[in-house]
Amino acid sequence: MNIVGLQGSPSLGSRSGSLLHLAHSRLRDLATSQRSISLRDLPAEALMHAQFDHPLIRDALRAVQGADVVLVATPIYKAAYSGLLKTFLDLLPPDALRGKTVLPLATGGSIAHLLAIDYALKPVLSALGARDILDSVYATDAQIPKHPKLGHEPASELAERIDNALRTLVDRSPISA
Ligand SMILES: Cc1cc2nc3c(=O)[nH]c(=O)nc-3n(C[C@H](O)[C@H](O)[C@H](O)COP(=O)(O)O)c2cc1C
């Protein structure tokens, strides 16, 4: 299983990034390849100007298109997903997520915008052809405290929530048969 994660926070050492890292680690046994794409590291001008042909943008778009599973991680900004994530999703061709399994992951300051995944992110994933969208995992900042070395570290309960979200994917895998 080829697994690609999109890290949609503009912040270094981000909370949603640590959630993405955790999800990757829970999928290690199923993966034939795993890659995280930090969207903040893509060239900003190429993203803003929709330069599909920039080598780094092309490489990231290809990685998503070649994935079986796409993990989409974002902070909640102004009651929606990040603008950085949107600049990248806008560059994907129509139907780029068709046939793929997608796991939405988000972190927010509080639970106030828990539903942002459902009303903001999922319609975009759906417009990109995603039909197999796993239960999303939303964590508040309090659930992802600072860590002296790792930046942030998700509370242990989040591993369980991610495992639950991934259960159907794991059950479908030939490895678990
Ligand atoms: C510009 C900005 C807007 C934000 N808007 C919201 C919001 O509307 N709702 C919310 O719950 N948290 C909001 N937050 C808090 C972040 O979502 C939260 O701290 C998140 O965990 C940051 O994730 P990151 O470390 O991956 O960037 C906002 C933070 C910033 C910097």
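(A) Here's a closer look at the environment of M48. Relative to the elements of secondary structure, M48 occurs in helix 2 (residues 44-48). On the basis of neighbour counts, which here come to 9 C-beta atoms within 10 Å, the residue M48 falls in the exposed class. Considered as a pair, M48 and R161 are 113 residues apart in the sequence and their alpha carbons are 35 Å apart.

(B) Geometry of the pairing of strand 4 (residues 101-108). Across the eight residues that make up strand 4, a large majority, eight, are buried. Residues T101, L103, L105 and T107 point to one face of strand 4 and V102, P104, A106 and G108 to the other, with burial holding for every one of them. Examined bridge by bridge, strand 3 (residues 69-75) and strand 4 share seven bridges and lie parallel to one another. Note on strand 4: the bridge partner recorded for T74 is A106. Tracing the backbone out of strand 3, into helix 4 (residues 83-89) and back to the parallel element strand 4 gives a crossover that is right-handed. Here strand 4 pairs with strand 5 (residues 132-133) via two bridges, running parallel. Directly across from V102, in strand 5, lies its bridge partner I133. Bridge count for strand 4 against strand 6 (residues 137-140) is four bridges, and the pairing is parallel. Opposite A106, over in strand 6, you have Y138 as the bridge partner.

(C) Representation of the site of the ligand. Every one of the 18 residues lining the ligand counts as a neighbour, but S14, S16, P75, G108 and G109 are closest to it. Going through the elements one at a time, helix 1 (15-26) and strand 4 are the ones with two or more residues in the shell around the ligand. When the residues that make up the shell around the ligand are grouped by side-chain class, the tally is five nonpolar, ten polar and three charged.

(D) Representation of the packing of helix 1 against helix 6 (residues 156-172) within the structure. Where helix 1 contacts helix 6, the axes come no closer than 10 Å and their chain directions differ by 60°. As summarised for this structure, helix 1 and helix 6 are arranged oblique, according to the angle between their axes. Considering only the axes of helix 1 and helix 6, their crossing is right-handed. Between helix 1, through L19, L22, A23 and R26, and helix 6, the contact on the second element is made entirely by L158, A159, I162, D163 and L166.

Each value, and the rule that gives it
Residue positions within a chain follow its written sequence, with the count starting from 1. Local features in this predicted model are restricted to residues of pLDDT 70 or higher, and side-chain atom pairs are both shown and tallied only at a pLDDT of 80 or more, whereas totals for entire chains, interfaces and linings draw on every residue. Strands here are runs of E lasting at least two residues and helices are runs of H or I lasting at least four, both read from the DSSP assignment and numbered beginning at the N terminus. In this scheme the burial state of a residue depends on its C-beta neighbours within 10 Å: 20 or more other such atoms mean buried, 12 or fewer mean exposed, and anything in between means partly exposed; the C-beta positions come from the backbone. In this scheme, strands are said to pair when DSSP sees at least two bridges between them. A clockwise course of the path from the first strand over the helix to the second, judged with the strands pointing away from the viewer, identifies a crossover as right-handed. What makes a residue near a molecule or strand is its C-beta atom, placed from the backbone, lying within 6 Å of it. All residues other than Ala, Val, Leu, Ile, Met, Phe, Trp, Tyr, Cys, Pro, Asp, Glu, Lys and Arg, Gly among them, are scored as polar; the first ten of these are nonpolar and the last four charged. Axes here mean lines fitted to C-alpha atoms, for a helix over just the part in contact, with angles spanning 0 to 180 degrees between N-to-C directions. We call two directions roughly parallel when the angle between them is under 35 degrees, roughly antiparallel when it is over 145, roughly perpendicular when it lies between 65 and 115, and oblique otherwise. It is the rotation of the near helix from the far one that decides the hand of a crossing: anticlockwise by less than a right angle makes it left-handed, clockwise makes it right-handed. C-beta atoms are placed from the backbone for every residue, and two residues are taken to be in contact when these atoms lie within 7 Å.

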